[in-house]
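Structure assessment
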Amino acid sequence: MADIDNKDQAELDPADMEDVEEVEEEETGEDVNSKARQLTVQMMQNPEILAALQERLDGLVGSPSGYMESLPKVVKRRVNALKNLQVKCAHIEAKFYEEVHELERKYAALYQPLFDKRSDIVKAAYEPTDEECEWKADEEEDLTEEMKDKAKVEEEKKDEEKEDPKGIPEFWLTVFKNVDLLSDMLQEHDEPILKHLQDIKVKFSDPGQPMSFSLEFHFEPNDFFTNTVLTKTYKMRSEPDETDPFSFDGPEIMGCTGCTIDWTKGKNVTLKTIKKKQKHKGRGTVRTVTKTVPNDSFFNFFTPPEVPESGELDEDSEAVLAADFEIGHFIRERIVPRAVLYFTGEAIEDDDDDYDEEGEEADDEEGEEEADEENDPDYDPKKDGNPPAECKQQ
């Protein structure tokens, strides 16, 4: 076979040999590209490399490109004038958000009677009329009158078989359990307490006072603590930082304060008792030591880390406060105004639909690109820098 191969090569025209060499070089290039792609995929799956890359990219954000340094002095002077205008814009924007806060406070007073009535219905202080209870559900639109009557009779029959509940039992607990951001905070031992939660109110700071808002959690009398209201106050600032005015992007939460919970003896779910055995080094005797340590609980929400006057926090405290601010803002902006929709799950479905639509749009765009490539008569899949979807490394 070796002789035949040598003979075939000897009979090839030199030009043919050049073609063969070119093809071999191209194949070698493809192998290199394939290895490079595999190496890139492996690198992108390494969290340490990703973190280092992100840190490098973060360092590049806002770094000078050298273009400004290359500008004539007279142009730089004018750019400085534009920066001063931008600082003035930031101060006007801060005033805008202050007025928005005043509007929120004004309209909160208009919403409150409706929220109070909601609270009365939830805690059985008010029974809504038949007219107030009328609601045309989507699935009822196409039903005939006969089918509606039959469904009504069946519902009434079911209601007779059940005990007559008061108000809407476990309303706020259900809301919390339906929202991932809040359910992640809940522990099993929190649930019996939150069954007594009757209302959550948002209170804004008075006119002329520093910008802030408070969350009030109203509880019915219970066996766990004597407080009827637990509060959490968030202090905000709506003014540009003098040292970095261009970073201003609306009001920011500067700190928060909780409240003292007056726990009934033995009912404090934010603490737990553990027992440890200790062995004496000299005598070898063993003793059992009882120790009280912090326990995971939603009610730790009311004892946030204190922000020192210097404003400097360790990484753990910063992470806790960042999550705390997000939760407080979410309760104020979404949960309180739309509580019934989180109770039924409709608000959650709307949020999910938004994300699904974005995903579908992205998929459609990718599909269109693939279709365009396939319909292109000059399209060569071998020259495509990306491997087919089914071949991508996981």
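Quick caveat: nothing in here was measured; it's all calculated off a predicted structure.

A closer look at the overall build of the protein
Counting its regular elements, the protein contains 13 helices and six strands. Within the span of the protein, comprising 394 residues, buried residues form 22% of the whole. Summarising the internal contacts of the protein: among those between residues at least 6 apart in sequence, 58% fall at separations of at least 24. Element-wise, carbon and sulfur atoms account for 49% of the exposed surface of the protein, whose accessible area totals about 29,900 Å².

A short note on unusual backbone geometry
Of note in the backbone geometry, A124 takes a positive phi value of approximately 65° without being a glycine. Following the sequence through the fold, A124 ends up in the loop between α5 (73–122) and α6 (130–133). According to the relative accessible area criterion, A124 is partly exposed, its value standing at 39%. Backbone geometry places E170, a non-glycine residue, at a positive phi of 55°. Its place among the elements puts E170 in the loop between α7 (145–161) and α8 (171–178).

Brief notes about the sheet that holds strand β2 (residues 212–219)
Strand pairing in a sheet relies on backbone hydrogen bonds, with the paired strands running either antiparallel or parallel. Strands sit in the order β1-β2-β3-β4 across an open sheet of four strands; the sheet is antiparallel. Of all the strands in the sheet, just β1 (197–204) and β4 (252–257) have a single pairing partner and so form its edges. In this sheet, adjacent strand axes meet at a mean angle of 20° when their direction is disregarded. When β2 meets strand β3 (residues 229–237), the two strands line up antiparallel, connected through seven bridges. Looking at β3, one finds that S214 is bridged to T233. Sheet contacts for α5: β1, β2 and β3; angle to β1, the most-contacted strand, approximately 165°.

Concerning a negative patch on the surface
Together, E239, D241, E242 and D244 make up a region of like negative charge exposed at the surface. With respect to the helices, strands and loops of the structure, D241 is situated in the loop between β3 and β4. Assessed through its relative accessible area of 32%, D241 is described here as partly exposed.

Let's talk about the environment of E93
Relative to the elements of secondary structure, E93 occurs in helix α5. For the pair formed by E93 and P251, sequence separation is 158 residues and the distance between their alpha carbons is 9.9 Å.

Concerning the side chain of S212
With respect to the helices and strands, the residue S212 is situated in strand β2. Residues within four places of S212 in sequence aside, it is in contact with H101, K203, F204, S205, Y234, K235 and M236.

Describing a nonpolar patch on the surface
On the surface, L103, Y107, L110, Y111 and L114 cluster together to form a nonpolar patch covering roughly 550 Å² of accessible area. Structurally, L103 can be placed in helix α5.

Considerations on the confidence of the model for the protein
The predicted model of the protein has a mean per-residue pLDDT of 76, with 64% of residues at 70 or higher. Note that pLDDT drops below 50 for residues 1–27; the model gives that stretch one contact with residues more than four away or on any other chain. In the model, residues 385–394 has pLDDT below 50 throughout and makes eight contacts with residues more than four positions away in sequence or in other chains.

Remarks on the pairing of strand β6 (residues 286–294)
Taken residue by residue, a regular strand's side chains alternate between the two faces of the sheet. Sheet topology places strand β5 (residues 271–279) next to β6; nine bridges connect them, and they run antiparallel. Residue pairing for β6: K275 is matched across the bridge by T290.

About the criteria used
- Per chain, residues are indexed from 1 in the order of the written sequence.
- Residues qualify for local features only when their pLDDT is at least 70, as the model is predicted, and side-chain atom pairs are given and counted only at 80 or more; totals for whole chains, interfaces and linings, by contrast, use all residues.
- The side-chain figures draw on all heavy atoms in the structure; neither hydrogens nor water molecules are used.
- Secondary structure is summarised from DSSP: a helix means a run of H or I of at least four residues, a strand means a run of E of at least two, and numbering begins at the N terminus for each.
- Throughout, exposure labels follow a simple rule: accessible area from a 1.4 Å probe, protein chains only, divided by the maximum for the residue type, with under 20% read as buried, over 50% as exposed, and the rest as partly exposed.
- Note on contacts: a residue pair qualifies if any of its non-hydrogen atoms lie within 4.5 Å across the two residues.
- Each accessible area value is a Shrake-Rupley result obtained with a 1.4 Å probe; residue values ignore everything except the protein chains displayed when judging cover.
- Paired strands are those between which DSSP finds at least two bridges.
- Working convention: axes come from line fits to C-alpha atoms, limited for helices to the stretch in contact. Angles between N-to-C directions cover 0 to 180 degrees.
- Patches here are clusters of residues that have more than 30% relative accessible area and form no salt bridge, with a 9 Å joining cutoff for like charges and a 5 Å cutoff for nonpolar side chains (Val, Leu, Ile, Met, Phe, Trp, Tyr).
- Every case where a carboxyl oxygen of Asp or Glu lies within 4 Å of a side-chain nitrogen of Lys or Arg is listed as a salt bridge.
- In this tally, Lys and Arg are treated as positive and Asp and Glu as negative; His is ignored, and so are the chain termini.
- Charge positions come from single atoms, namely NZ of Lys, CZ of Arg, CG of Asp or CD of Glu.
- Values of pLDDT, the confidence the predictor places in each residue, fall between 0 and 100.

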